[in-house]
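Fold and contact review
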Amino acid sequence: MANILTITLNPALDLSVETPALALGEVNRTGNTRLEPAGKGINVARVLARLGHSVTVTGLLGEANATPFERLFAAEGLQDSFVRVPGLNRINVKIAEPGGRVTDLNGPGFQMPEDALERLESRLARLLAECDAVVIGGSLSEGFPPAGVAGLVQQANRAGKPVWLDASGEGLKAGIEAGPFAVKPNTDELSGWAGTPLNDMAAVESAAARLQGEGIAHVVVSMGPDGVLWHSPAGTLRSRVPPVRVVSTVCAGDTLLAGMLHGVLDQQPAETVLQYATALSAECVQHIGVGDPEAPGFPTLLQQTRVYPWPGDNNTGETPL
Ligand SMILES: Nc1ncnc2c1ncn2[C@@H]1O[C@H](COP(=O)(O)OP(=O)(O)OP(=O)(O)O)[C@@H](O)[C@H]1O
Ligand SMILES: O=P(O)(O)OC[C@@]1(O)O[C@H](CO)[C@@H](O)[C@@H]1O
């Protein structure tokens, strides 16, 4: 198993709320609610640890409400190497309605202190020497320069460590220019990068190919209920998820990324990698929180997840392997 470093620049406490159909402007009586330390890099770390990897979490962590994060890291066996900064980590609200509609209310996060990036870079100098791969996930806290993401990617590249990037907006653009090993945009993020709407598979495919043309080995496009399109050096594959009862799609992209990284590091056949990671993300959407490879229903989901070469023999991509 591998040593993996995940970087979260803007952690969050996720307040997940399951509610009957939301009535805006009314008092809504909710069902299950949960407050849990999160943020993309931390979510990815939790899945990787469940898959047996040794994981160090770093980035910037607001010290004013760090305690629940520290408890989670201890409980999940994650090595805590976060740089503490003054202020509060944001609270992100996730409203999950019947039928699987999720509304995210994501806050801006703490104001980044001037010396924080430098402190993080010097922390990374040591951490990079000890890891096999790096994940950079999520948005940037207030004042964090997008060029800082590029700097982190370059630092990892210089250390010879593959970077898996799951950012958005300007952070994603800057990170891509620095040449990560892999990126995992969802369709909206890919569309933002490409500067064009992606209304069908042909448009998604062509934007993903352009992105890979920037010198990125692996482009993993997550397409919600439409599965995944994966451009790798070995070719292009598409996966489709089995029908599942969706409770919350939050963390599905992080679970997918963790599953992909797990399989690629393990040098498994590409079809196996994508099938496993897609099935794990489908497991994730059936409950609040990250995907669970030990869930009783997971073997069935794995069996039902289809992987196809893209485009397929008949140019529809629908020929199962
Ligand atoms: N409604 C759904 N039904 C089944 N599987 C789903 C559904 N939504 C997402 N998934 C699975 O999870 C993967 C990741 O989902 P998505 O594309 O929504 O990621 P994301 O937007 O990055 O998510 P997040 O940022 O909340 O982690 C999809 O590629 C798919 O395999
Ligand atoms: O605001 P960002 O950093 O883009 O996304 C943050 C976030 O929505 O991503 C995770 C799900 O992927 C959640 O745990 C968290 O609240």
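Our subject is the structure listed above.
Predicted model, so just to flag it, every value in this text is computed and none were measured.

A closer look at the layout of surface pockets
- The space that makes up the largest pocket amounts to roughly 1,200 Å³.
- Looking at the largest pocket, it is lined by 42 residues, and the ones nearest its centre are Asn186, Thr249, Val250, Ala252 and Gly253.
- When contributions to the lining of the largest pocket are tallied by element, the ones reaching two or more residues are β2 (12-18), α1 (40-50), β7 (90-96), β8 (102-105), α6 (187-194), α8 (252-265) and α9 (270-284).
- Per-element accounting of the lining of the largest pocket gives the leading share, four residues, to α8.
- For the lining of the largest pocket, the class distribution of residues is 16 nonpolar, 16 polar and ten charged.

Concerning the site of ligand 2
- Around ligand 2 sit 14 residues in total, of which Asp14, Asn92, Lys94, Ser139 and Asp254 are the nearest.
- Asparagine 92 is positioned such that a nitrogen or oxygen atom in its side chain is 2.9 Å from an oxygen atom of ligand 2.
- Lysine 94 places a polar side-chain atom, nitrogen or oxygen, 2.8 Å from an oxygen atom of ligand 2.
- For ligand 2, whose unbound accessible area comes to 400 Å², protein coverage reaches 90%.
- The pocket occupied by ligand 2, as judged from atoms lying within 2 Å of grid points, is the largest pocket.
- For the shell around ligand 2, the elements supplying multiple residues, two or more each, are α1 and β7.
- When residues of the shell around ligand 2 are assigned to their parent elements, the largest contribution, three residues, is made by β7.

Describing the site of ligand 1
- The full set close to ligand 1 counts 21 residues, and Lys40, Asn186, Ser222, Gly253 and Ser281 are the nearest of them.
- In this structure, an oxygen atom belonging to ligand 1 sits 2.9 Å away from a side-chain N or O atom of lysine 40.
- At a separation of 2.9 Å, an oxygen atom of ligand 1 approaches a polar backbone atom of glycine 253.
- Protein chains shield 87% of the accessible area of ligand 1, which is 630 Å² for the free molecule.
- Under a 2 Å grid-point criterion requiring more than half of the atoms, the pocket assigned to ligand 1 is the largest pocket.
- When contributions to the shell around ligand 1 are tallied by element, the ones reaching two or more residues are α8 and α9.
- If you tally residues by element for the shell around ligand 1, the top one is α8, at three residues.
- Within the shell around ligand 1, the residues separate by chemical class into ten nonpolar, eight polar and three charged.

Considerations on unusual backbone geometry
- Following tryptophan 310, the chain continues into proline 311 via a peptide bond in cis, with omega recorded as -10°.
- Among the secondary structure elements, proline 311 is positioned in the segment after β15 (306-309).
- Backbone geometry places cysteine 251, a non-glycine residue, at a positive phi of 85°.
- Not every positive phi belongs to a glycine, and glutamine 267 is a case in point at roughly 55°.
- Within the secondary structure layout, glutamine 267 lies in the loop between α8 and α9.
- Accessibility expressed as a relative area gives 72% for glutamine 267, which makes it exposed.

Here's the deal with the sheet that holds strand β3 (residues 33-38)
- Judged by pairing direction, the sheet is mixed, and its four strands sit side by side in the order β3-β2-β7-β8 without closing on themselves. Here the strands that pair on one side only, and so sit at the sheet edges, are β3 and β8. Across the sheet, the axes of successive neighbouring strands diverge by a mean angle of 20°, strand direction being ignored.
- As defined by bridge partners, β2 adjoins β3 across six bridges and the pair is classed as antiparallel. The residue of β3 that forms the bridge with valine 17 is threonine 33.
- Against the sheet, helix α2 (residues 67-76) makes contact with β2 and β3, and its axis sits at roughly 80° relative to β3, the strand it touches most.

Details of empty space enclosed by the protein
- Tallied over the entire structure, the rule returns one cavity of 30 Å³ or more.
- One number sums up the size of the largest cavity: a volume of about 90 Å³.
- Around the largest cavity, the lining comprises 14 residues; the ones closest to its centre are Asp14, Ser16, Glu36, Cys251 and Gly289.
- For the lining of the largest cavity, the secondary-structure elements that each account for two or more residues are β2, β3 and α1.
- Top contributing element to the lining of the largest cavity by residue count: β3, with four residues.
- The class makeup of the residues in the lining of the largest cavity is six nonpolar, four polar and four charged.

Remarks on the pairing of β2
- The buried fraction of β2 amounts to five of the seven residues, a majority that puts the element mostly inside the structure.
- Here β2 pairs with β7 via seven bridges, running parallel. Its bridge partner being in β7, alanine 12 is matched across the sheet by arginine 90.

What counts, and where the lines are drawn
- Each chain has its residues counted from 1, running along the sequence as written.
- Numbering of ligands from 1 and lettering of chains from A proceed in the order in which they are written.
- In keeping with the model being predicted, local features are shown solely for residues with a pLDDT of at least 70 and side-chain atom pairs are shown and tallied solely at 80 or more, while totals for entire chains, interfaces and linings include all residues.
- Hydrogens and waters are ignored; side-chain quantities use all the structure's heavy atoms.
- Only protein atoms enter the calculation, which uses a 1 Å grid: trapped sets of points that fit a 1.4 Å probe without letting it out are cavities, open sets showing protein on both sides within 12 Å along at least five of seven lines are pockets, and any residue with an atom within 4 Å of a point is a lining residue.
- Grid points are joined across faces, edges and corners, and a volume is the space filled by probe spheres set on the points.
- Each helix corresponds to a stretch of at least 4 residues labelled H or I by DSSP, and each strand to a stretch of at least 2 residues labelled E; elements are numbered beginning at the N terminus.
- Throughout, the ten residues Ala, Val, Leu, Ile, Met, Phe, Trp, Tyr, Cys and Pro are labelled nonpolar, Asp, Glu, Lys and Arg are labelled charged, and all others, Gly among them, are labelled polar.
- We call a residue near a given molecule or strand whenever any one of its heavy atoms falls within 4 Å of it.
- Polar contacts, as counted here, are pairs of nitrogen or oxygen atoms within 3.5 Å of one another; within protein the pair requires one atom able to donate a hydrogen and one able to accept it, and residues that are adjacent in sequence qualify only if both atoms are side-chain atoms.
- All accessibility values rest on the Shrake-Rupley procedure with a 1.4 Å probe; residue burial counts only the protein chains present in the view.
- Throughout, a molecule is located in a cavity or pocket provided that more than half of its atoms lie within 2 Å of its grid points.
- The classification of residues rests on relative accessible area computed with a 1.4 Å probe and restricted to protein chains. Under 20% of the type maximum is buried, over 50% is exposed, and intermediate values are partly exposed.
- A pair of strands is considered paired only if DSSP assigns at least 2 bridges between the two.
- Orientation is described by lines fitted to C-alpha atoms, with helices fitted over the stretch in contact, and by angles between N-to-C directions that extend from 0 to 180 degrees.
- In what follows, a contact means two residues having at least one pair of non-hydrogen atoms within 4.5 Å.

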